[in-house]
Amino acid sequence: MKLLELLKNNILYLDGGMGTLLQKRGLCAGELPERWNITHSDVIVDIHRAYLDAGSNVISTNTFGANLLKFSEDELEQIISAAVSNARRAIKLSTQKNAFVALDIGPVGKMLRPYGDLDFEDAVSVFSRTVELGVKYGVDLIVIETMNDSYETKAALLAAKESSSLPVFVSNAYGEDGKLMTGADPLTMIALLEGMGADAIGVNCSLGPVALAPIVREYLKYSSLPVIMKANAGLPSVENGVTVFDVDAISFAKQVAELVGEGVRIVGGCCGTTPEYIAALASATQGIDVKPIEAKNITVVSSYCRAVCFGKRPVLIGERINPTGKKRFKEALRSGDIDYILKEGIAQEEKGAHILDVNVGLPEIDEVQMLRRVVCELQAVSPLPLQIDTSDAFAMEAALRRYNGKAMINSVNGKPESMAAVFPLVKKYGGVVVALTLDESGIPERAEGRVEIARRILCEAEKYGISKNDIIFDPLALTVSADDNAALETLRAIEMITNELGCLTSLGVSNVSFGLPSREAVTAAFFTMALTKGLSAAIMNPYSIDMQKAYYSFLALSGLDTSCGEYIGFASSLSALNSAISSSATATDLQKEEYKSELQRAIIKGLCTDAARLCAELIAASVSPLDIVQNEVIPALDIVGVGFEKKTVYLPSLLMSAEAAKAAFEVVKANMPAGEKNAKATVVIATVKGDIHDIGKNIVKLLLENYGFCVVDLGRDVAPSAIVDKVVELHAPVVALSALMTTTVPAMEETIKLLRVDAPFVKVIVGGAVLTQEYADMIGADAYAKDAMGAVRYVEGL
Ligand code: B12
């Protein structure tokens with residue numbers, strides 16, 4: 001029976017841990033397990049066979065890290081060919097003949113741009129090669145697993161789809177906070193993966209079955225696909241030098257079986273599980289009634305870290321990233337001033353937009369390049385999902401491809417050529433598409449005509465396999481000053497689309513008031529009327545107080561705002577807003593209010609160009625470079641750091657803030673007064689092993705240089721031996737060590753111990769946010785300083 005057929009009415013049993021078993025069989029630390037497909041094929045066959053005999057009917061090849069970043073083209077092919085043949089051999093030898101071989105794909109081990117240096121398309125190519133080889137050697141399906149970043153997950157799934165026609169299962173690794181490392185929660189991932197056409201989705205690794213249960217339940221609640229659960233055997237700990245896990249096979253099976261009862265369809269084990277766990281699982285799930293998989297019929301879009309659902313509460317789509325009628329915006333597009341556009345996005349987010357419309361079409365610019373660039377940069381600094389707004393299908397595809405989530409797509413219409421161009425993109429990349437109710441004859445005057453077009457669009461979309469949930473109709477707001485019935489017909493169309501077609505609607509509301517005085521009042525009233533007819537989303541100006549009033553009043557009046565809490569919150573901030581906001585206010589006007597300074601805001605929001613510019617402005621206004629570091633850069637990073645600790649800020653934002661801080665710091669550096677000509681003593685400086693934080697170390701370096709010392713910077717994540725070697729080679733009298741994490745203080749201690757043996761002449765000064773005088777004494781440093789100036793004072797004192 002075909003795999004997907006089998007899945008319709010049965011539970012699938014994956015296998016359990018491979019790495020932990022290989023370690024037991026002698027795999028050494030640092031050795032690449034994928035090579036064992038060739039060098040120890042009997043061991044691999046044995047493990048596969050043990051899983052098959054225990055009850056697995058899908059076994060994963062030993063190819064978790066088999067990719068071109070780790071292996072040469074030739075070796076990769078040998079590994080994948082051997083891995084597939086090992087799995088096939090195991091099936092032949094086992095009692096379980098009707099089993100499937102999955103090509104196992106794990107993360108490549110590098111972060112994607114802008115958070116790391118791997119380009120998205122390069123990641124797609126790396127995954128594609130692995131997939132092509134899997135197909136060549138005859139796997140039955142592809143399993144993408146342990147992904148902890150949504151963008152990398154998308155790259156892998158895109159590669160699997162583009163390079164094969166096999167079923168694809170995708171499972172992600174969540175932390176205890178229920179989020180991926182880069183911030184996505186289950187619904188966010190469900191939106192992305194279902195949109196792109198995965199065949200089964202779920203969770204694996206990181207936690208035991210009890211801790212994973214709430215995350216799995218979120219999948220069961222929102223996903224219309226078979227759900228995968230592949231937990232660890234609990235949490236690992238080290239006992240007598242051996243890694244052990246705290247959940248035994250029987251408890252593991254019992255806990256997983258409970259979730260099978262609730263609807264999980266694909267089960268297996270991850271780190272620490274063995275064939276014993278799979279056997280226990282197979283027996284614990286015997287006789288459980290298989291729950292049918294139900295379509296959840298939700299309409300959802302997502303960013304890298306946030307999902308926005310339609311239908312329950314009105315969704316606000318910020319309209320400001322659009323050059324129409326905006327001179328300054330057009331200039332920004334022509335001159336490539338992306339920061340201006342990013343600020344427009346951030347300001348709309350701060351004013352309560354849920355989604356950002358992104359339109360960068362100008363005849364004189366290359367829209368394909370520009371839309372792709374703006375989408376990439378905007379999604380790095382804003383957590384909001386984006387609405388890709390273009391009539392150029394090439395620009396649309398370029399943007400959708402790079403988009404880190406399930407986008408809203410604006411738009412398709414009833415013309416056959418529009419549907420032929422847009423629907424394949426919706427199908428391939430996922431998305432909720434806005435469908436305009438117009439066709440080659442224009443916009444029907446009457447609501448009935450618009451609904452007729454909507455019906456045709458639905459019919460055509462179905463042919464592409466696009467569900468009704470992924471279409472939102474825009475029945476088009478026409479100018480009321482030109483036609484007395486314009487608004488009424490649109491309102492009727494909303495009502496009919498909602499009630500007769502059972503579909504959702506979105507509307508660009510501003511157009512209705514064109515040509516009238518006090519436009520905002522008319523637009524806001526129209527918005528309220530449309531909401532009462534069932535409008536689910538509006539493209540609107542988030543800076544408009546009238547629109548905000550209409551929105552919050554509607555929520556309160558329609559029972560969507562418990563105890564009118566949101567309305568009261570909004571009203572109390574209104575006086576402050578009043579002074580700062582007017583419909584003509586720009587993002588720059590708005591940005592000044594909530595942060596201590598513009599530079600801090602730029603760093604917190606990750607705006608690199610702005611941070612550099614604002615830093616240069618402060619220097620031009622005679623603020624001392626060191627004051628800028630002390631009073632602007634460090635406090636801003638502290639705010640981000642606290643957010644990170646409280647889990648309100650995720651790694652991508654932290655990285656973007658660090659980049660912006662660096663950009664400011666480069667300006668500071670270029671403006672520091674030159675140090676004394678004749679260098680004083682040599683100081684070797686480094687951030688210790690395991691720690692990649694180097695902003696503080698660079699400040700210490702800069703200041704020491706400024707005071708005339710010759711600083712030899714070994715960089716970050718530096719091994720103790722490398723530091724010792726350099727100190728000995730230069731016979732340096734001072735070494736300065738930096739550590740920012742509690743986990744890297746031991747590396748600092750180890751470095752000091754080695755220095756005491758091989759370089760007894762050197763004085764060691766330590767620093768970094770995590771250190772205190774007490775710690776410094778404990779690990780045997782000669783001195784501790786809390787900041788860069790303290791470092792200078794100490795070294796001068798010597
Ligand atoms: C920016 C940042 C990052 C950036 C670093 C970019 C870079 N190139 O440095 C990125 C995003 C890459 C990052 C990654 C991570 N980070 Co981080 N990061 C921060 C953040 C927000 C600011 C650090 C900073 O630069 N501060 C500004 C500088 C100027 O301050 P400073 O380093 O303390 O330096 C001053 C003094 O300490 C002193 N000093 C510094 N070094 C030295 C040396 C000597 C000899 C002397 C005398 C003085 C001295 O002088 C400096 C100037 O006054 C902090 C939170 C915070 N506010 O500290 C978290 C923080 C340090 N990060 C943290 C974590 C957990 C991580 C990650 C593990 C996240 C992850 N899950 O991947 C990774 C770690 C990767 C690794 N292996 O190192 C935690 C550490 C928790 C802990 N106590 O162990 C923190 C505290 C955040 C938090 N609250 O949870 N991070």
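The model shown is predicted, which means the values in this text are computed figures rather than measured ones.

Another point: the sheet that holds strand β20 (residues 537–540). In space, the eight strands of this closed barrel follow the order β13-β14-β15-β16-β17-β18-β19-β20, with parallel pairing throughout. Adjacent strand axes in the sheet meet at a mean angle of 30°, parallel and antiparallel pairs treated alike. Two strands pair when backbone bridges link them, and strand β17 (residues 432–436) and strand β18 (residues 471–474) are joined in this way by four bridges, in the parallel orientation. Bridge pairing links L436 to D474 in β18. The strands that helix α16 (residues 416–429) touches are β16 (408–413) and β17; relative to β16, the one it contacts most, it runs at about 155°.

A separate point is the packing of aromatic side chains. Considering all chains together, one arrives at eight aromatic pairs under this definition. Cluster of aromatic residues (ring-pair linked, three or more members): Y551, Y552, Y567 and F570. Taking NZ or CZ as reference, R328 lies 4.2 Å from the ring centre of Y340, over its face.

Moving on: the site of the ligand. Around the ligand, the structure places 38 residues, and the nearest of them are D638, I692, H693, D694 and S738. Within the contact set of the ligand, a nitrogen atom lies 3.2 Å away from a backbone nitrogen or oxygen of G641. Between the ligand and the protein, one listed contact pairs a nitrogen atom with a side-chain N or O atom of R716 at 3.2 Å. The set of elements that each furnish at least two residues to the shell around the ligand consists of α25 (625–645), α26 (651–670), α27 (695–706), β23 (734–738), β24 (763–767) and α31 (788–797). Sort the elements by how many residues they give to the shell around the ligand and α25 lands first, with six residues. The class makeup of the residues in the shell around the ligand is 21 nonpolar, eight polar and nine charged.

Burial along β18 is two-sided: the residues I471 and F473 and I472 and D474 are all buried. Pairing analysis gives two bridges linking β18 to strand β19 (residues 504–508), with the strands arranged parallel. Residue pairing across strands places I472 opposite L504, the latter belonging to β19. Crossover handedness for the path β18 to helix α18 (residues 486–499) to β19: right-handed.

Turning to the side chain of S223, a few remarks are in order. Of note, S223 is situated in the loop between α9 (209–222) and β7 (227–231). S223 sits in the buried class, given a relative accessible area of 2%. A polar contact is formed between the side chain of S223 and the side chain of E194, at a distance of 2.6 Å. A polar contact is formed between the side chain of S223 and the backbone nitrogen of L225, at a distance of 3.0 Å.

Taken in spatial order, the five strands of this open sheet run β22-β21-β23-β24-β25, and their pairing is parallel. What marks the edges here is a single partner per strand, and that holds for β22 (710–713) and β25 (783–784). Pairing geometry for strand β21 (residues 682–687) and β23, over five bridges, is parallel. Of the residues in β23, the one forming a bridge with T687 is S738. Sitting on the sheet, helix α29 (residues 745–758) is in contact with β23 and β24, with an inclination near 175° to β24.

Interhelical geometry of α25 versus α26 gives an angle of 175° and a closest axis separation of 10 Å. Here α25 is positioned roughly antiparallel relative to α26, judged by the angle of their axes. On α26, the residues that touch P625, I628, V629, V633, L637, V640 and F644 of α25 are L651, L654, S657, A658, A661, A664, F665 and V668. A per-class count over the contact of α25 with α26 returns 14 nonpolar, one polar and no charged.

Scored by pLDDT, the protein comes out at a mean of 93, with 96% of its residues at no less than 70. Predicted confidence for residues 580–593 stays below pLDDT 50, and this span has 27 contacts to residues more than four positions away or in other chains.

Next up on the list: helix α20 (residues 545–557). In this model, α20 (13 residues) spans 18 Å end to end at C-alpha, consistent with the 18 Å of a helix rising 1.5 Å per residue. What α20 keeps buried is the set I545, M547, Q548, A550, Y551, Y552, F554, L555 and A556. In the stretch just after α20, G559 is the one whose phi turns positive, near 75°.

Burial along strand β10 (residues 266–269) is two-sided: the residues I266 and G268 and V267 and G269 are all buried. Direction of pairing for β7 relative to β10: parallel, over a ladder of four bridges. For A231, the partnering residue across the bridge sits in β10 and is G269.

So, on to the environment of S573. Inspection of the secondary structure assignment puts S573 in helix α21 (residues 565–580). Classification of S573 by relative accessible area gives partly exposed; the value is 30%. The spacing of S573 and P292 is 281 residues in sequence and 49 Å in space, taken between C-alpha atoms.

The next thing to look at is the pattern of salt bridges. Counted under the stated rule, the structure contains 44 salt bridges. Within this structure, E73, E77, R129, E132 and K136 form a network of salt bridges that share partners.

Our focus in this paragraph is the coordination of the cobalt atom of the ligand. The sole protein-derived ligand of the cobalt atom of the ligand is H693 (NE2), positioned 2.3 Å away. Within the secondary structure, H693 sits in the loop between β21 and α27.

In this section: α31. Every buried residue of α31 is listed here: A788, G790, A791, V792 and V795. Buried residues in α31 make contact with β21, α27, β23 and β24.

With respect to the helices and strands, N413 occurs in strand β16. The exposure class assigned to N413 is buried, which follows from its relative accessible area of 13%.

Moving on, we come to the environment of K415. The residue K415 is located in the loop between β16 and α16 in this model. Residue class for K415 comes out partly exposed when judged on its relative accessible area of 27%. Setting aside chain neighbours within four positions, we find K415 in contact with L438, D439 and E440.

Definitions and limits used
- Residues numbered from 1 in each chain as written.
- Predicted model: local features only at pLDDT ≥ 70, side-chain atom pairs only at ≥ 80, totals over all residues.
- Heavy atoms only, no water.
- Pairing = 2+ DSSP bridges.
- Helix = DSSP H or I, 4+ residues; strand = E, 2+ residues; numbered from the N terminus.
- Axes fitted to C-alpha atoms, helices over the stretch in contact; angles between N-to-C directions.
- Contact = heavy atoms within 4.5 Å.
- Phe/Tyr/Trp six-rings, centres within 6.5 Å; stacked < 30°, edge-to-face > 60°.
- Lys NZ or Arg CZ within 6 Å of the ring centre and 35° of its normal.
- Near = heavy atom within 4 Å.
- Polar contact = N/O pair within 3.5 Å; in protein donor to acceptor, adjacent residues only side chain to side chain.
- Nonpolar A, V, L, I, M, F, W, Y, C, P; charged D, E, K, R; others polar.
- Buried < 20%, exposed > 50% of the residue type's maximum accessible area, 1.4 Å probe, protein only.
- Right-handed = clockwise from strand over helix to strand, strands pointing away.
- Parallel < 35°, antiparallel > 145°, perpendicular 65-115°, else oblique.
- pLDDT = per-residue confidence, 0-100.
- Expected span 1.5 Å × (residues − 1).
- Salt bridge = Lys/Arg side-chain N within 4 Å of Asp/Glu carboxyl O.
- Donors = N, O, S within 2.8 Å, 3.2 Å for Na, K, Ca; no water.

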